[in-house]
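# Structure at a glance
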Amino acid sequence: MRTPTSIRRLRGLAATALILLLHACGGGGGGSGGTSTPAPTAPVDPAVLVDPVAYAMGATDSLPTATESAAITHHQLSLSTGNLVYTATVGHLNAGEPNVRASMFYVAYTLDNAPANRPLVIFYNGGPGSASMWLHMGSYGPQRVVTNNPTTNIPLPYQVVDNAQTLLAVADLVFVDAIGTGYSQAVAPNNNRSFWGVDADASIFRDFVLRYVRKNQREAAPLVLFGESYGGLRTPILASALLSAGARLKAVVLHSAILNYNSNCGVLTPGRLSCGHYVPSYAATAAWYQRSRPVPTSLAPFAQGVIDYMAGTAEPAIDQYLRNALPLSSAVNQQLADYTGLAAAEWQATPLMRPERYRQILSPQTLLGRYDTRVSAAVGSALASEGDPSSTVLNTAFPTALADQLRQRLKYQAAVGYTSFNSTVINLWDWRHDGQELPDSLPDLSLALMLEPALKILVIGGYHDVATPFWLTELDLARLPQRPPGLQLKRYVGGHMTYLDDAVRPQMAGDLQVLLSSL
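Everything quoted here is computed from the prediction, not taken from an experiment.

### A look at the pattern of salt bridges
Taken as a whole, this structure holds 22 salt bridges when the rule is applied. Across the pair R206 and D207 runs a salt bridge whose closest N-O atoms are separated by 3.0 Å. According to the relative accessible area criterion, R206 is partly exposed, its value standing at 26%. Given the relative accessible area of 12%, D207 is considered buried.

Here it is in structure tokens:
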């Protein structure tokens, strides 16, 4: 039985459902839970694999049986470093052996004639309720959508171009969708909702990875997990499960990750927790708009200075405010105001400055993005109508590009449209994990490190992300009993999907290539 306190907590969670919509798991996405692409028409190209299954994403939907059909195509990508000849495999894999529990949709890119011990990277977004379209079409696959991030000028028609920063040069890549998203569906006697919870979700991802490795004879490959947003919380749980099952997991990438729902003031009921972990992101935003006082000449040292001030001075003062209702001093209010571009009176009135308020008040009549505060729109405009211009600007481009990619290039066509985001998932999600009402994955990461002490952890955060602020991820990781030797913290200009920025993507790719080449 839930106590009155836990019931109030869950009601608080429901009241902040919009805040919890990390569905794009990097920017973009959203919707009412329906498909984001229309049902396809009959294919003209006879080479297209027509999948006749009418995949359904409702809570009680399930497939009576599942088959592992796939479209296989062959491609060549010309890079400055040479040509990549590779195979794309698109379709479904049965997760769960010997009893199939789900049919999971995936897209895999594998280099031809490569050794079996080549690194294998498994990519997934989060939400919960998000398909992995964003990582697939935006990050390090062989092709990507042109976004011109952070401008709102996405070229029409939406362009998909060869990706000069693809990681296919150093690793094979698999993009997989969670149950109830994309074309991933439960198999009876399970239904989709059977996997809509922290533990059940990680369990079916474990089954998928193990099945993919066995079917494709990749047991010698060093495994890498790449999780974004809620996918960052999934990753430590999945990592410990895979290592316990004997998988050869060697590295994890935590991209714009939320690791502990109990430490984020944007998740918990207002007034219970400091929002100081957002202040470095507010400060980076103010610097971008030249509202900080003074405007810094270099972002990285400026942000580190803000972090040092928060840790040494502001957070202890905010703690006293929370514990004893002691107001912040005028000096603290003024320093916070100078960093964040606001008036000192704003901080005096709102010491627990939540991101939704900051996005609304930094610039009058302008709404800043949540996934990327560098993207803004006039209040009342179409771009601001859904509450996050940095998401809205991408909402059409990615589903349209993916639909064309699947059918025209990868030769796969389903009987129904692809579900990029399913709002029903997050509304029915079971958040409980390890005896807590809201999940904390740091103990799972500690267990993974016990099982594989040499596990490498690359943590990537965007300065301008106020969905999963980079400093909070770093603070959560500091709870580990000791700093792992393989831990690297990387901060980049940009928002939740840092790889969309044309200037940042090569920097990130370089860091990822170093990681993969070391395995």
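Text resumes after the structure shown.
### So, the environment of G231
Within the element layout of this structure, G231 appears in helix α4 (residues 230–244). In this structure G231 comes out as buried when scored by relative accessible area, which is 0%. Sequence-wise, G231 and I258 are 27 residues apart; in three dimensions their C-alpha atoms are separated by 8.1 Å. Apart from the residues within four sequence positions on either side, G231 is in contact with Y124, N125 and G126.

### Brief notes about unusual backbone geometry
Looking along the chain, the bond that leaves N149 and enters P150 is cis, with omega of 10°. Relative to the assigned elements, P150 resides in the loop between β6 (143–145) and β7 (160–162). The amide bond that connects R293 to the next residue, P294, takes the cis arrangement and shows omega of -5°. Position of P294 among the secondary structure elements: in the loop between α5 (279–288) and α6 (299–324). Non-glycine residue N113 carries a positive phi angle of around 55°. Mapping N113 onto the fold places it in the loop between β4 (102–111) and β5 (120–124). The phi dihedral of Q365 falls on the positive side, at around 60°, and the residue is not glycine. Locating Q365 in the fold gives a position in the loop between α9 (355–361) and β12 (366–368).

Cut-off values and rules
- Residues numbered from 1 in each chain as written.
- Predicted model: local features only at pLDDT ≥ 70, side-chain atom pairs only at ≥ 80, totals over all residues.
- Heavy atoms only, no water.
- Salt bridge = Lys/Arg side-chain N within 4 Å of Asp/Glu carboxyl O.
- Buried < 20%, exposed > 50% of the residue type's maximum accessible area, 1.4 Å probe, protein only.
- Helix = DSSP H or I, 4+ residues; strand = E, 2+ residues; numbered from the N terminus.
- Contact = heavy atoms within 4.5 Å.

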